[in-house]
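# Structural overview
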Amino acid sequence: MKIVKQNNKLAVPNKVTIPFIEGDGIGKEITPVCRAVVDSAVAKAYGGSRSIDWKEVLAGEKAFNETGNWLPDETPEAFRDCLVGIKGPLTTPVGEGVRSLNVALRQTLDLYVCLRPVRWIKGLASPLKEPQKVNMVVFRENTEDIYAGIEWRQGTPEAGKFLKFLTEEMGVTKIRFPKTSAFGVKPVSVEGTERLVRAAIAYALENRLPSVTLVHKGNIMKYTEGGFKRWGYELAQREFARELAEGKLVIQDVIADAFLQNTLLTPEKYSVIATLNLNGDYISDQLAAMVGGIGIAPGANICYESGHALFEATHGTAPDIAGKNVANPSSLLLSSVMMLEYIGWTEAAGLIAAAIDKSFAGGRATHDLARFMPNGETLGTMEFGAHLVTLINEIYGV
Ligand code: NAI
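This text gives an overview of the structure that appears in the document. Position numbers for residues start from 1 in each chain and track the written sequence from start to end. The predicted origin of the model limits local features to residues at a pLDDT of at least 70 and limits the giving and counting of side-chain atom pairs to 80 or more, whereas totals for whole chains, interfaces and linings rest on all residues. Note that water and hydrogens are dropped before the side-chain values are worked out from all heavy atoms of the structure.

### Describing the nonpolar core
Most often, soluble globular proteins keep nonpolar side chains buried together rather than apart. If you look at the biggest cluster of nonpolar residues, it comprises 93 residues, and the most contacted ones within it are Leu340 and Ile352. Think of it this way: any DSSP run of H or I at least four residues long counts as a helix, any run of E at least two long counts as a strand, and we number them from the N terminus. For this core, the leading source of residues is helix H1 (residues 27–46), giving nine residues. What is meant by a nonpolar core is a set of buried Ala, Val, Leu, Ile, Met, Phe, Trp, Tyr and Cys residues, joined one to another through side-chain atoms within 4.5 Å. Partly exposed residues are those whose accessible area sits between 20% and 50% of the maximum for their type, while under 20% is buried and over 50% is exposed, using a 1.4 Å probe and protein chains only.

Right, here's the structure in full:
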């Protein structure tokens, strides 16, 4: 049965259909492990009264091999229909004119928030002295900015035409080497900013978090990134005046380069981060590296209005280790935890998170993490999954 959005809320059936993309490379290894751990947590948490009906949909190499199409129409349709889904990593097809599959999925469903929680788990090696101070949630705008893909290659008639427009019609004189320049366009809109900042503030209030920080380069890009900052503050004042006056939340802003420094020096100053697409890309990876690397960072792409959400492993297909039973399934698993929280199955989410915490605290992890842990014990992908299932049973007291 499908999840539907009713009265602004998700109505989640007890036997819920979740479409999933297995993923290429290590996707074949981490996805089955992830499903098994999630199934066991759901079974334990709800004594069999709730379950997930996993529905495989194709994308990436597997789709190409079976159908000749990298992203068959049925796949975005299934996510559209079922509202909530999850995906493993996908090979980006090489070649001109083939769009990134991830970008295509995000655009089709207008998943405008890229959500990345970043917290340190005890036991993980970190380059920081006090990684326990890192507890942030990044709201990265997913549909605008320089990522919109509006750019022209150097030397093409299009680049020439654009140059002509800039110089002759717009009076632009600041292009240092006009004849050999490529060009890109950076659209940043009021609506795009407002829906992102609104979602970040709503999340902070719902989770009783102390602040939302607008991260931007408005000192240089005054109208695009500066607009983001201004529209963000205005939206906060207009729609959340009461909460701000009651001191429930602080809205602050910081220039992106200072932010990257500050997160290393005083990470405790930051909680929810709202930022533009490109800044968000850099920020998510730096923050993830501060608490154990992108290999374990979870993520989701969400449209809060429609309810559509696609949870995903944030790393790639790791072809160098594929097929060796060494890949770490934690990124996908922690994304599943986010997914279960999103659909309100918080008890099952809590069980998985607790099992992962317990495993890392005991030094048991896959090779990428265990090798940096004092007394770390390396487990294979499947063995790590089985260990988590054992821990879920232990935590539940079976
Ligand atoms: P990658 O993330 O696949 O690998 C980078 C490094 O991290 C490799 O050394 C890899 O072994 C390691 N690694 C990644 N995930 C790991 C895991 N779960 N456990 C242990 N080690 C892990 O990035 P790369 O090599 O640049 O990209 C490979 C392919 O993945 C490309 O086709 C790329 O386009 C695609 N990709 C897909 C993404 C997605 O679907 N969300 C994101 C990033 C890349």
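This is not the end of the story, as more comes after the structure.
### What about the pairing of strand E14 (residues 309–313)?
Burial of E14 is extensive: five of the five residues sit out of reach of the surface. Covered by surrounding structure in E14 are Ala309, Phe311 and Ala313 together with Leu310 and Glu312, the residues of both alternating faces. Should DSSP find at least two bridges between two strands, the strands are regarded as paired. Summarising the sheet, strand E5 (residues 84–87) and E14 pair through four bridges and their orientation is parallel. Directly across from Val84, in E14, lies its bridge partner Ala309. Pairing of strand E13 (residues 298–302) with E14 involves five bridges; the strand directions are antiparallel. Following the sheet pairing, Gly299 is matched in E14 by Glu312. In textbook terms, the turn of a hairpin is the stretch between consecutive antiparallel strands, and for E13 and E14 this stretch comprises six residues, one of which, Gly307, has a positive phi near 90 degrees.

### Considerations on the pattern of salt bridges
Any two side chains of opposite charge can pair, so long as their charged atoms come close to each other. One speaks of a salt bridge when a side-chain nitrogen belonging to Lys or Arg is within 4 Å of a carboxyl oxygen belonging to Asp or Glu. On inspection of all chains with the given rule, the structure shows 22 salt bridges. Between Glu246 and Lys248 there is a salt bridge whose closest N-O contact spans 3.0 Å. A relative accessible area of 45% means that Glu246 is categorised as partly exposed. Classification of Lys248 by relative accessible area gives partly exposed; the value is 47%.

### Re the side chain of Glu312
In this structure, Glu312 sits in strand E14. Take Glu312: its relative accessible area is 4%, and that puts it in the buried class. The term polar contact refers here to a pair of N or O atoms within 3.5 Å; inside protein, the definition further demands a hydrogen-donor-capable atom paired with an acceptor-capable atom, and it admits residues adjacent in sequence only when both atoms are side-chain atoms. Of note is the side chain of Glu312, whose polar atom sits 3.2 Å from the side chain of Arg106. Working rule for contacts: check all heavy atoms of both residues, and any pair within 4.5 Å makes them a contact. Not counting chain neighbours up to four residues away, the residues in contact with Glu312 comprise Lys87, Asn102, Arg106, Pro298, Gly299, Asn301, Ser331, Leu332 and Ser335.

### With respect to the site of the ligand
Distances are taken per atom, and a residue is near a molecule or strand as soon as one of its heavy atoms is within 4 Å of it. In the vicinity of the ligand, 19 residues are found, and the nearest of them are Thr92, Gly316, Ala318, Asp320 and Asn328. For the ligand, whose free accessible area comes to 820 Å², the fraction covered by protein is 65%. For this classification, the nonpolar set comprises Ala, Val, Leu, Ile, Met, Phe, Trp, Tyr, Cys and Pro, the charged set comprises Asp, Glu, Lys and Arg, and every other residue, Gly included, is treated as polar. Taken together, the residues of the shell around the ligand sort by class into eight nonpolar, eight polar and three charged. Accessible surface area values rest on a Shrake-Rupley calculation with a 1.4 Å probe, where residue burial reflects the displayed protein chains alone.

### Regarding unusual backbone geometry
The phi torsion at Asn7 lies on the positive side, around 45 degrees, for a residue other than glycine. Taking the relative accessible area as the measure of exposure, Asn7 reaches 77% and is therefore exposed. In the Ramachandran plot, Leu83 falls in the positive-phi region, its phi being about 70 degrees despite a non-glycine side chain. When you line up the elements, Leu83 lands in the loop between helix H3 (74–82) and E5. Since its relative accessible area comes to 7%, Leu83 is described here as buried.

### Some words on the packing of aromatic side chains
For this analysis, a ring pair means two rings from Phe, Tyr or Trp (six-membered ring only for Trp) whose centres lie within 6.5 Å, classed as stacked if their planes differ by under 30 degrees, edge-to-face if by over 60, and tilted for the remaining angles. The final tally for this structure, using the stated rule, is 10 aromatic pairs. Taking 4.9 Å as the distance between ring centres and 20 degrees as the angle between the ring planes, the aromatic pair formed by Phe64 and Trp70 counts as stacked. The class for Phe64 is partly exposed, based on a relative accessible area of 37%. Overall, Trp70 belongs to the partly exposed group, its relative accessible area being 22%. What links up through ring pairs into an aromatic cluster is the set Trp152, Phe162, Phe165 and Phe183. By definition here, charges over rings are those cases where NZ of Lys or CZ of Arg is within 6 Å of the ring centre and within 35 degrees of the ring normal. Taking the ring centre of Tyr46 as reference, the NZ or CZ of Arg50 above it sits at 4.6 Å.

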